Amino acid sequence: MIIKKIVDYGRDKGIKALTLKIKERVQYKRETDRYMRENPIDTEKLKLQRIEKFSKRVKISICVPVYNTEKKMLEDMLKSVLNQTYKDWELCIADGSTSNYGYIESIIRGINDSRIKYEKLKINMGISENSNAACMLATGEYIALLDHDDVLSPDALYEVRLAIDKGADYIYSDEASFVKNINKPEIIHFKPEYSIFNLRGNNFICHLSVFKKSLFEQAGGFRKGFDGSQDHDLILRLCESAQNIYHIPKVLYYWRKHRNSVADDISAKPYCITAGIKAVKSHLNRMKISGSVTTAVDNAPYYRVKYNCLVKPAIINNIENIKGVTNEYIIVAKPDLKFQAGAVNEICQILQLENVGMVGGMVIKNGKIQYATLSEKNGKIYSEYEGIPEISDGYMKRLKYAQGAEYLPCQFFGIRKSVLENMMYFEDNLWEDDKVIDMCRRMRKYGYEIVFNPWARAER
């Protein structure tokens, strides 16, 4: 399977792209291995978590639709739940398996734990309806989604409980994909902070996903007709209503890769991509946003949203000149930049959306990314994507869809006049780069989104 995927990618994209892909995968594996080395299981911490008392009781319902699960995978999933350090949970299982998988019921009913609720479905209703059946068993205030062949880290629900105490009504964590040993994952998905733009481009939240049961009921549960991307469709609807979406930057979920798993190969379930496009289109319709949705990457569930736009902005080359501009929409771009086709429209189509304050584009020099987004770590600002070849898909294919950004560089971005006026412009005594960073900080405080669109490209 791996060899075939490598051959196919090289044939479709070329040797240069294949070489880059292999190099990036090696880098991501190093980052994965480093995380596992630096974050070993701390048995003493787990012991303390098991005896910790919380002032308020919060039950978490772990909901699992089961279908023809292999025995070892089922047992691993069950053990990971039973081994949780946080004890106020219930496991809600809806089993749609065929008659030749009778051992599933025997194994589950053989566990002597009153927190386990099991229902053998009369027929297999499909993943969406089976999932709804599992959630119908839930009596907890929060629902946690778990696939029948995956594994939770022992502190998963404990960490979720801490987030609940901070007021979160939707919680997600980082996750690792593994084949046999969860202690040796193939890759970890280090997820970004929440942005609706990321979620439109890809179901980056995926696992672990925990939310208030009331949000689930309000959304109407899983929807039939979205099988394959039923989670993406549900998460979009939940996040439209959630008030406090919280990211736990820890690996709390282990996604098993096997021959029938999307984690291993999307071609195992090609209908997932079609369903994903349908889910994002449905979301845009609910939000009354006019636009189109297409795949951003061949044979993968990543989506490019194009918003209908007729905005004509003013274009200036220095942020200092911004106060004299009367247009609502303003593009700031250095004078030596040459826009690629459609770059200005790619900025404006997002800039026009509600609650968006600033949109950045990508600057390319000699085939490599020179400027894209900026992030802050340990009090220092650093440039993301700098030096990466223009043809790269980016980590988890993030260079293929618009996404939330922490900061933007001063090279190429769009901004709205009304947003600037609302924030009283910027600090005059700062350098140009720092002025933009200062604006980004204050924009977030005012509730505006900062977005990076990798399809808006300029060259120097």
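Residues numbered from 1 in each chain as written. Predicted model: local features only at pLDDT ≥ 70, side-chain atom pairs only at ≥ 80, totals over all residues. Heavy atoms only, no water.

Describing the overall build of the protein chain
Along the protein chain, the regular secondary structure elements total 14 helices and 21 strands. Against the globule reference of 23 Å for 460 residues, the protein chain gives a C-alpha radius of gyration of 23 Å, in line with a compact fold. For the protein chain, the C-alpha atoms occupy an extent of roughly 75 × 55 × 45 Å along the three principal directions. Split into buried and exposed, the 460 residues of the protein chain put 55% on the buried side. Within the protein chain, contacts between residues separated by at least 24 positions form 74% of all contacts whose residues are at least 6 apart in sequence. In the form shown here, the protein chain has an accessible surface area of approximately 21800 Å², with 50% of it arising from carbon and sulfur atoms. (Helix = DSSP H or I, 4+ residues; strand = E, 2+ residues; numbered from the N terminus. Rg over C-alpha atoms; globule rule 2.2 N^0.38 Å. Buried < 20%, exposed > 50% of the residue type's maximum accessible area, 1.4 Å probe, protein only. Contact = heavy atoms within 4.5 Å. Areas by Shrake-Rupley, 256 points an atom, 1.4 Å probe, with all protein chains shown as cover.)

Some thoughts on the packing of aromatic side chains
Applying the stated criterion to the full structure yields 14 aromatic pairs. Pairing Y385 with F452 gives two aromatic rings, centres 6.2 Å apart and planes at 25°, and the pair type is stacked. Taken together, the positions of Y385 in the loop between β18 (380–384) and β19 (403–404) and F452 in strand β21 (residues 449–459) put the pair 67 residues apart, joining distant regions of the chain. Of the two residues examined, Y385 and F452, each falls in the buried class. Geometry around W89 places R115 over its ring, the cationic atom sitting 3.8 Å from the centre. Note that R304 overlies the ring of W455, its terminal NZ or CZ placed 3.8 Å from the centroid. (Phe/Tyr/Trp six-rings, centres within 6.5 Å; stacked < 30°, edge-to-face > 60°. Lys NZ or Arg CZ within 6 Å of the ring centre and 35° of its normal.)

Digging into the environment of Y172
Among the secondary structure elements, Y172 is positioned in strand β6 (residues 170–178). Using a relative accessible area of 0% as the deciding quantity, one classes Y172 as buried. Here the alpha-carbon distance between Y172 and V160, two residues twelve residues apart in the chain, equals 8.3 Å. The contacts of Y172, once residues within four sequence positions are left out, are K191, P192, E193, Y194, F204, I205, L208, I245, Y246, H247 and I248. Looking at Y172, its side chain comes within polar contact range of the main-chain nitrogen of Y194, at 3.0 Å. (Polar contact = N/O pair within 3.5 Å; in protein donor to acceptor, adjacent residues only side chain to side chain.)

Read these as spatial facts, not as claims about activity.
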